[in-house]
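Listed below are the residues making up each chain.
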Amino acid sequence: MYAMNLNKSNKFVVIDVETTGNRPQDGDRIIEIGLAVVWNGEVTKTASSFVSCDQEIPPFVSRLTGITKDDLIDAPSFSELAPRILDDLDGACLVAHHIDFDLQFLNNELERAGYESFQGNVLDTVEMARMLYPTLDGYRLASLAEQFNLVHDQPHRAGSDAEVTAHLLLLMKKKLYALPFVTLQQLEACTTDTFSGMQLCIYEAMKTVRTSHHKNDSSYAIYRDFALKKPQANNRTQAKVSIPFHAEHFFGKDGALSSISPSFEHRNGQVDMAENVHACFEDGKHLIVEAATGTGKTLAYLYPAVYKSRENEAPVVIATETVALQQQIKDRDVPLLEKGLGLPIEAAVLKGRSHYLCLQKFAHFLEQIRGARQASYDEQLSVAQLLIWLTETETGDVEELNLPNGGYALWEELKSDPESCTHSNCTFFSRCYYPRARDNARQADLIITNHALLLTDHFQETSTLPSYEHLVVDEAHHLEEAAGRHLGASMSYQHFMRLYNQFGVQENAGLFANISVVIDRHPTAVSADWPNERKQELQSLHYEWNQLFNALQTAIVKKDKRTRQKSEGYLPEDVVDTNVFDAWKRVEAGGKDVIRAWRSITRTLKKEALTPAEETLLQKVNTLCNDLEEAQSILASLLTSVENEVYWAESDANKRPDRLRLYRRPINISEQLSGKFFSNTKSIILTSATLTVKGSFQYTIDQLGLTDTQPKCLQLSSPFQYEKQAQLLVPEDFPEIRQDGEERFTEAVAQFLRSLTSSVNGRILVLCTSHQMVKAVSRMMKPHMQRLNYSLFAQGVNGDNRSKLVKQFRNQERSILMGTTTFWEGIDLPGEDVRALIIVRLPFAPPDDPVYMAKAKQIEASGGSAFSRLALPRAVLRFKQGFGRLIRTKRDRGLIFVLDKRIIQARYGKVFLRSLPTLPSVFAPSKELLARADEFFHDGKRP
């Protein structure tokens with residue numbers, strides 16, 4: 001397997017190259033090469049050199065690397081450098097960060113110089129890092145250097161990159177050699193498609209650990225060939241201590257929190273909120289709290305929640321919409337509360353079952369790939385990540401992982417589900433993560449969960465959450481939409497294809513391959529023709545699904561020919577014509593036949609003497625049958641009219657049937673929330689930074705069905721001094737889209753943004769209301785970025801990963817970040833992270849949004865105004881979310897530009913303004929506003 005002499009396996013040569021581009025086959029060349037030799041666990045040599053070449057250095061390369069044509073004037077050619085490079089490479093494993101890039105350039109230059117290409121072992125430190133550090137957010141060299149405190153003074157320079165990569169390699173080898181022997185054994189068996197150097201490192205580590213006395217196993221729980229992190233010991237036999245409640249003593253100027261938190265600030269709003277939460281818990285009432293940024297709302301509800309939990313000896317549930325806030329509560333706020341109280345608090349994060357790994361399924365998958373199943377590269381990398389993650393995770397929660405794209409498809413096979421996760425038939429039950437998470441929740445003071453699980457528990461009565469009487473819903477402005485999603489449904493052709501592919505009809509792997517082996521072992525139980533008969537049934541069902549979605553696409557698209565429209569509303573009774581109805585009936589019948597046949601074989605085979613692997617396989621069959629049955633049921637609901645529901649379809653730009661997805665949502669969920677949510681819990685606290693419109697909670701109360709409940713309402717203003725820290729500026733000479741057209745408006749946005757950069761001289765966040773606007777402004781800005789000395793990061797242009805875009809934005813002092821919906825909230829950019837915020841347009845919902853249209857129609861039918869009761873309140877709340885991105889601390893300072901004159905000129909504009917904190921507002925020509933920005937940023941004052 002290994003081309004290299006194992007006696008030289010401790011020699012590694014790290015190469016890094018800077019180039020004129022990324023395509024050596026089109027003439028791109030190396031302009032700098034860096035090298036670092038790692039021998040016997042030490043970096044023994046580093047070297048770097050410019051390389052002369054006959055290619056021009058593109059401007060973007062010079063900006064990235066700092067290398068200019070003048071640097072190459074007296075540089076040696078690659079031919080002159082090659083003998084020394086080859087001497088270092090002799091007998092070594094070649095290493096690079098993104099080896100494919102560096103290796104293609106190295107071999108290209110070697111061949112141009114008359115040498116053979118490198119044929120030895122190669123190792124990619126990106127692959128190795130992904131494998132060994134499966135929970136990191138990213139694997140860029142700069143990010144890894146920062147993560148591990150490696151000095152990296154000159155990123156994108158070959159010498160510095162090579163040296164940092166060498167030290168990174170040493171860190172990763174150290175971790176590899178510290179892994180338990182059973183993990184290394186599993187890794188060797190499942191990484192056959194990784195780079196040869198990676199395979200060699202695993203082999204050498206396994207050989208070394210095998211010959212040692214301890215085998216690294218004592219630190220882990222070794223169970224059935226898995227090395228698992230030992231769960232932390234708990235002291236649950238010890239009675240929990242009750243705590244006193246006194247908000248002023250805890251949050252006051254000389255209170256408990258002031259003595260343990262260096263960043264402590266006394267905030268009257270925090271005391272008020274804590275006292276109100278406590279009072280409502282005591283009185284069994286509901287409370288709505290709008291706590292503006294800087295109030296300290298999380299601790300303000302956690303303190304009375306822990307008090308109530310200890311008093312009742314029952315958990316209090318905290319539900320959030322985002323994972324980020326769940327982690328913040330668990331990792332930052334609860335430890336701070338513990339310090340303030342001087343006692344430990346048990347806080348458990350509980351999510352839906354599908355978030356957790358099923359060890360039994362994972363063991364079965366490993367057995368398959370050691371046998372006949374050929375795992376893809378992404379599957380092999382994911383398996384390696386999971387094996388190492390098992391030595392580190394206490395939760396088994398997929399949210400911790402950074403899997404490759406193909407890894408998430410594998411997770412669908414490995415996640416916990418009711419069929420596989422039962423005490424009676426699971427050999428891993430005592431070690432399984434989901435039961436452990438539920439047990440931790442039962443014993444906890446606080447259960448931290450998400451809106452989705454909270455709603456599932458209420459509406460489907462799953463009893464996933466233990467019994468509770470007191471609940472805090474944070475990020476409550478999302479609750480209505482989350483409830484709508486939960487009570488609605490969606491189905492796509494692609495979803496069916498994922499189920500179909502799990503059967504493995506077209507492959508030599510999957511259920512068919514595995515079930516055939518079982519049938520061969522039990523020939524008297526099942527007919528040998530059974531697999532072929534089932535394949536024909538599935539292929540027939542596949543054909544009927546194709547026919548159905550072709551008919552649906554035709555029926556829905558013909559209702560509206562507008563090609564730019566993302567969503568197409570439909571009424572089931574109009575769409576289900578003869579073609580659709582007949583196709584659906586064939587799908588329904590075919591699906592029932594498939595499910596009946598596969599469930600029948602599981603019942604038959606369960607009567608036989610089965611191996612544990614065969615039992616796991618039958619559980620997988622039942623799970624897949626359940627999933628297919630659920631998919632058929634959901635599709636039926638999407639083709640059947642129900643009162644108070646809205647239906648729509650989405651597809652790609654080409655209107656392809658195989659990209660069609662159907663949706664349905666309740667138009668109004670207030671009755672369901674009132675009847676099954678708020679009435680079933682003794683006291684619920686709803687909190688967010690944006691719940692009021694013009695100082696009133698009425699919109700939130702109406703949307704959530706709280707009109708008859710009459711909850712207590714509390715609005716807490718921010719402790720920030722907005723009148724000194726910020727200004728709201730609106731250009732009076734800006735074009736309007738309706739009058740002047742979208743193109744002219746977009747040009748004006750780009751022009752204003754270019755003019756603003758010199759005044760701000762720092763980071764600018766631009767919030768748009770459509771992806772089309774982001775792309776158009778980005779396209780107009782791009783040719784000017786070099787002249788402006790600015791970097792531009794645009795959602796959908798530079799990627800869609802919000803956290804990565806925000807990180808790139810933060811790493812550049814002079815940068816612009818443009819985004820739509822998800823960027824209006826949930827990103828924390830304090831201090832100099834944002835100096836100016838631009839809100840391009842007031843964030844009204846798109847007029848063709850199906851749910852909005854249905855709600856508006858319902859309001860108009862009852863004699864109300866859809867604009868004032870729906871469109872305007874929604875837009876104001878979204879506007880407040882965007883506004884909150886600028887000022888995050890008492891020391892922040894910045895400008896907010898609203899490029900939409902309606903906020904001043906329209907009658908409803910004052911509703912937006914009255915919903916904001918008091919701050920200076922200026923409506924003036926663009927030139928005057930730019931001059932004001934100059935003065936604001938260059939006067940040297942800080943609030």
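For the chain, an unreviewed UniProt entry supplies the name 3'-5' exonuclease DinG and the organism Salicibibacter kimchii. Of the chain, the UniProt comment under Function (unreviewed entry) reads exactly: "3'-5' exonuclease." UniProt lists a comment for the chain under the heading Catalytic activity (unreviewed entry), and it reads "ATP + H2O = ADP + phosphate + H(+)".

Draft legend 1. Seen up close, the packing of aromatic side chains. Under the definition given, this model contains 34 aromatic pairs. Relative to phenylalanine 428, the ring of tyrosine 223 lies with its centre 5.7 Å away and its plane at 75 degrees, an arrangement referred to as edge-to-face. Of this pair, tyrosine 223 sits in strand E6 (residues 220-223) while phenylalanine 428 sits in the loop between helix H16 (405-414) and helix H17 (433-443), placing them 205 residues apart in sequence. Ring geometry for phenylalanine 936 versus phenylalanine 937: centroids 5.2 Å apart, planes at 85 degrees, classification edge-to-face. A single burial state applies to phenylalanine 936 and to phenylalanine 937, both of which are buried. An aromatic cluster is built from Phe245, Phe250, Phe251, Tyr303 and Tyr307, whose rings are joined through pairwise contacts. One cation-aromatic arrangement involves arginine 224 over phenylalanine 428; the distance from NZ or CZ to the ring centre is 5.6 Å. Above the face of the tyrosine 223 ring, arginine 431 is positioned so that its terminal group lies 4.2 Å from the ring centre.

Draft legend 2. Main features of the sheet that holds strand E21 (residues 791-794). Judged by pairing direction, the sheet is parallel, and its seven strands sit side by side in the order E21-E22-E20-E23-E24-E19-E25 without closing on themselves. Taken across any chain shown, the strands that pair with only one partner, and hence form the sheet edges, are E21 and strand E25 (921-924). Mean inter-strand twist for the sheet, computed between neighbouring axes without regard to direction, equals 15 degrees. Looking at chain direction, strand E19 (residues 726-731) and strand E24 (residues 894-898) are connected through four bridges and run parallel. Residue pairing in the sheet places glutamine 727 in a bridge with leucine 895 of E24. Contacting strand E20 (764-767), strand E22 (815-819), strand E23 (836-839) and E24, helix H30 (residues 742-760) runs over the sheet at an angle of about 155 degrees to E20. Lying on the sheet, helix H35 (residues 866-883) is in contact with E20, E23 and E24; it crosses E23 at an angle near 160 degrees.

Draft legend 3. Region of the structure containing the state of the cysteines. Across all of its chains, the model carries zero disulfides by this definition. Among the cysteines around cysteine 358, which has no disulfide bond, cysteine 432 carries the closest sulfur, lying 5.3 Å off.

What counts and how
Per chain, residues are indexed from 1 in the order of the written sequence. Totals for whole chains, interfaces and linings use every residue, but because this is a predicted model, local features are given only for residues with pLDDT of at least 70 and side-chain atom pairs only at 80 or more, for both listing and counting. Computation of side-chain values: all heavy atoms of the structure, hydrogens and water removed. UniProt positions are given in the numbering used here, feature names are shortened, and annotations may be inferred rather than shown by experiment. Aromatic pairs are defined between Phe, Tyr and Trp rings, using the six-membered ring for Trp, whenever the two ring centres lie within 6.5 Å; interplanar angles under 30 degrees are classed as stacked, those over 60 as edge-to-face, and all others as tilted. Each helix is a run of DSSP H or I of at least 4 residues and each strand a run of E of at least 2, with the numbering of both proceeding from the N terminus. Whether a residue is buried, partly exposed or exposed follows from its accessible area with a 1.4 Å probe, protein chains only, as a fraction of its type maximum: under 20%, in between, or over 50%, in that order. Here, over-ring charges are defined by two tests on the NZ atom of lysine or the CZ atom of arginine: distance to the ring centre within 6 Å, and angle to the ring normal within 35 degrees. When DSSP finds two or more bridges between a pair of strands, those strands are recorded as paired. Angles shown run from 0 to 180 degrees and are taken between the N-to-C directions of axes, each axis being a line fitted to C-alpha atoms and, for helices, limited to the stretch in contact. The criterion used for residue contact is that any of the two residues' heavy atoms lie within 4.5 Å. When the sulfur atoms of two cysteines come within 2.5 Å, that pair is taken as a disulfide.

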